[in-house]
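Examination of the molecular architecture
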Amino acid sequence: MLPATAAALAVLAALLAWPVPALLGRARWPRRDPLVALVCWQAIGLAGGLSIIGALLVHGLAPWGHSLPEAGWAVLTGQPARDPVRGDHWVALTLAAVLAAELLGVLALSWARTARARRRHRELLELVVRPADAVPDARLLEHPAPVAFCIPGARPLLVLSSGMVAELDDAQLAAVVAHERAHLAEHHHLYLLPFVAWEAALPVLPAAARAHAAVRELVEMRADDRAVASLAGPDPRRTLAQAIVLAVGGAAGGAGGVPSGALAVAGGAVSARVARLLGPPSPLPAAARAAALACAGLLLLVPTVLLLAPAL
Amino acid sequence: MASLGDLERTVMGVLWAADGPVAAAELRDALADRELALTTVHTVLSRLEGKGFVRHDDARPRRFRPTATREQHAAELMHEVLGASADRQAVLARFVGGVDPEEARLLRQLLAES
């Protein structure tokens, strides 16, 4: 007999593995409030991991007790199993261990890899760039393609290409810089990290790729919002939209040896950003915000309670 | 007191401007206005060598030359930032990802109509 906790966790895991990310990925409201949507995605990612590993653990440990604290205590204190331990219990325990190790391993691995790549980028940058005259804390990279990016970390770097500076006027450039600064100020690379791990650990799960793409898009929208809020000028939304379209036009024109094979990643995401800047959707009502945040909280609370609750 | 990064950039500048390999003592003389000790020049050179930016030959004294031009380094960086490199996560998604020409055209239209 499957303990009720394991069954409930398995149902939750199944919901979080497909229908929930599919619904949130298709919903229209996230672009009205990217930050709340990002919180929801984080909750889905975390609750998904908790419930699937939890379900396997609770089922695998069922012969020792019908709740995780009870069974865990029994195993730790070396008590014999009360019920016979069958093959499926061992399979569940092995799967739980493999999945947990894989998720944590991928997380550690991608952390280490990005740290190494960032160091290399920084070394290269310090060699080839000079401070940008137009923007004191940014660096200027001599390259015809209009590109802006930032390297997060203890000493963050904001980089503009000379192509970007040539293409945009001062107000548009300020909008680009404000966008990149928003990424750095809110540590958006950390929002992406769990989804990099999910996608690498479970490449067969379409929801993992979908979630990663959605989070990537929301992070850009959030940075757009922050940038627009911090900009002066008559119409900062339009200025930022112009900057995006100009940067895209240059890139699509094949300027200066941009490897085109790798480019078609963002797809419709750029259009969504521009449309959103030009015709801003009405902000989410306070009640809807609160409801979404409450759902995110519940998502985390339910598997935690199920895992820690005594046997049902 | 100049930072090491600043010194590295300056030394690379001299190496890039030179016609051929340059010895440490020549570098010190070329940067005479900075009054560097020869050991400092060697420190900077070995750091640059550790990062793969310079190579030395077997002549006596050793002479150093850059492994690539400034443009090649810039191109390598751009390739990693723009390209399909697996470590793209290292930079935070660039300002705009790539779009195909059709979407670029639609975007310009969108902007013109609003």
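Cut-offs used in this document
Along each chain, residues carry numbers from 1 onward, in the same order as the chain's sequence is written. As a convention, the first chain written is A and the first ligand written is 1, with the rest following in written order. At least 70 in pLDDT is required for a residue's local features to be given in this predicted model, at least 80 for side-chain atom pairs to be given and counted, and no such filter applies to totals for whole chains, interfaces and linings, which use all residues. Comment: elements are numbered from the N terminus, with helices defined as DSSP H or I runs of at least four residues and strands as E runs of at least two. Any residue with 12 or fewer other C-beta atoms within 10 Å of its own C-beta is exposed, any with 20 or more is buried, and the rest are partly exposed; the C-beta atoms used are placed from the backbone. Each residue gets a C-beta atom placed from its backbone, and two residues are in contact if those atoms lie within 7 Å. UniProt positions are given in the numbering used here, feature names are shortened, and annotations may be inferred rather than shown by experiment. Two strands are counted as paired when DSSP detects at least two bridges linking them. One less than the residue count of a helix, multiplied by 1.5 Å, gives the span that helix is expected to have. Axes here refer to lines fitted to C-alpha atoms; in helices the fit is confined to the stretch in contact. Angles between the N-to-C directions go from 0 to 180 degrees. Oblique is the label for any angle not under 35 degrees, not over 145, and not in the 65 to 115 range, which are roughly parallel, roughly antiparallel and roughly perpendicular in turn. By definition, turning the near helix anticlockwise from the far helix through less than a right angle yields a left-handed crossing, and turning it clockwise yields a right-handed one. Residue type decides the class: Asp, Glu, Lys and Arg count as charged, Ala, Val, Leu, Ile, Met, Phe, Trp, Tyr, Cys and Pro as nonpolar, and the leftover types, Gly among them, as polar.

Here we come to the overall build of chain B. Check the secondary structure of chain B and you find five helices and three strands. Put simply, chain B has 114 residues, and 32% of those count as buried. Taking the contacts inside chain B whose residues are at least 6 apart along the sequence as the reference set, 46% of them involve residues at least 24 apart.

This part takes up the UniProt feature "transmembrane region" (unreviewed entry) in chain A. Residue and element names in this part refer to chain A. Per the UniProt annotation, the sites labelled "transmembrane region" (unreviewed entry) are residues 6-24, 36-58, 90-112, 243-266 and 286-309. Secondary structure content for residues 36-58 is 100% helix and 0% strand, while the C-alpha to C-alpha distance between its ends is 32 Å. Taken end to end, residues 90-112 is 100% helix and 0% strand, and its two terminal C-alpha atoms sit 32 Å from one another.

With that out of the way, let us pick up the sheet that holds strand S2 (residues 138-141) of chain A. All names here are of chain A. Taking strand neighbours across the sheet as the criterion, the four strands line up as S1-S2-S4-S3 in an open arrangement whose pairing is mixed. Strands with a single pairing partner mark the edges of an open sheet, and in this sheet they are strand S1 (130-131) and strand S3 (148-151). Where S2 and strand S4 (residues 157-161) come together, four bridges link them in parallel fashion. Residue pairing across strands places Arg139 opposite Val159, the latter belonging to S4.

Before going further, it helps to examine helix H3 (residues 34-60) of chain A. Residues spaced three or four apart along an α-helix face the same direction, because each turn holds 3.6 residues. With 27 residues, H3 of chain A extends 39 Å from end C-alpha to end C-alpha; this agrees with the ideal 39 Å at 1.5 Å per step. Across the 27 residues of H3 of chain A, 23 count as buried, placing the element largely inside the fold.

For the rest of this paragraph, the subject is the packing of H3 of chain A against helix H9 (residues 206-230) of chain A. All names here are of chain A. The contact between H3 and H9 brings their axes to 9 Å, and the two run at 150°. Here H3 is positioned roughly antiparallel relative to H9, judged by the angle of their axes. For the element pair H3 and H9, the recorded crossing hand is left-handed. From H3, Pro34, Leu35, Ala37, Leu38, Trp41, Ile44 and Gly45 reach across to H9, where they touch Ala211, Ala214, Val215, Leu218, Val219, Met221, Arg222 and Asp225. Here the residues of the contact of H3 with H9 are counted per class, giving 12 nonpolar, one polar and two charged.

Attention shifts here to helix H8 (residues 188-201) of chain A. Residues and elements named next belong to chain A. Over its 14 residues, H8 runs 21 Å from end to end, which matches the ideal 20 Å to within 8%, given 1.5 Å per residue. Those residues of H8 not exposed but buried are His188, His189, Tyr191, Pro194, Phe195, Val196, Ala197 and Trp198. Buried residues along H8 sit against H3, helix H5 (87-128), helix H7 (170-185) and H9.

Residue and element names in this part refer to chain B. Residue placement: Asp100 occurs in the loop between helix H4 (70-82) and helix H5 (101-113). A tally of 13 C-beta atoms within 10 Å means that Asp100 is categorised as partly exposed. The spacing of Asp100 and Met12 is 88 residues in sequence and 38 Å in space, taken between C-alpha atoms.

Let us now look at the pairing of strand S3 (residues 63-66) of chain B. Residues and elements named next belong to chain B. By the alternation rule, side chains of S3 split into Phe64 and Pro66, which are all buried, and Arg63 and Arg65, of which none is buried. As judged from the two bridges shared by strand S1 (residues 22-23) and S3, these two strands associate in the antiparallel manner. Across the sheet, Ala23 pairs through a bridge with Arg63, a residue of S3. In this sheet, S3 lies alongside strand S2 (residues 54-56) in antiparallel orientation, the contact comprising three bridges. Looking across to S3, one finds that Val54 is bridged to Pro66. Between S2 and S3, which pair antiparallel one after the other, the connecting turn spans six residues.

Residue and element names in this part refer to chain B. With antiparallel pairing, the three strands of this open sheet are ordered in space as S1-S3-S2. With one partner strand each, in any of the chains shown, S1 and S2 form the two edges of the open sheet. Each of S1, S2 and S3 touches helix H1 (residues 4-17); the most contacted strand, S3, lies at about 90° to it. Most of the contacts of helix H3 (residues 38-50) go to S2, to which it runs at about 110°, and overall it touches S2 and S3.

Here the focus is the environment of Ala296 of chain A. Summarising the element assignment, Ala296 of chain A is placed in helix H12 (residues 286-308). Taking the C-alpha atoms as reference points, Ala296 of chain A and Ile44 of chain A, 252 residues apart in sequence, are found 7.4 Å from one another.

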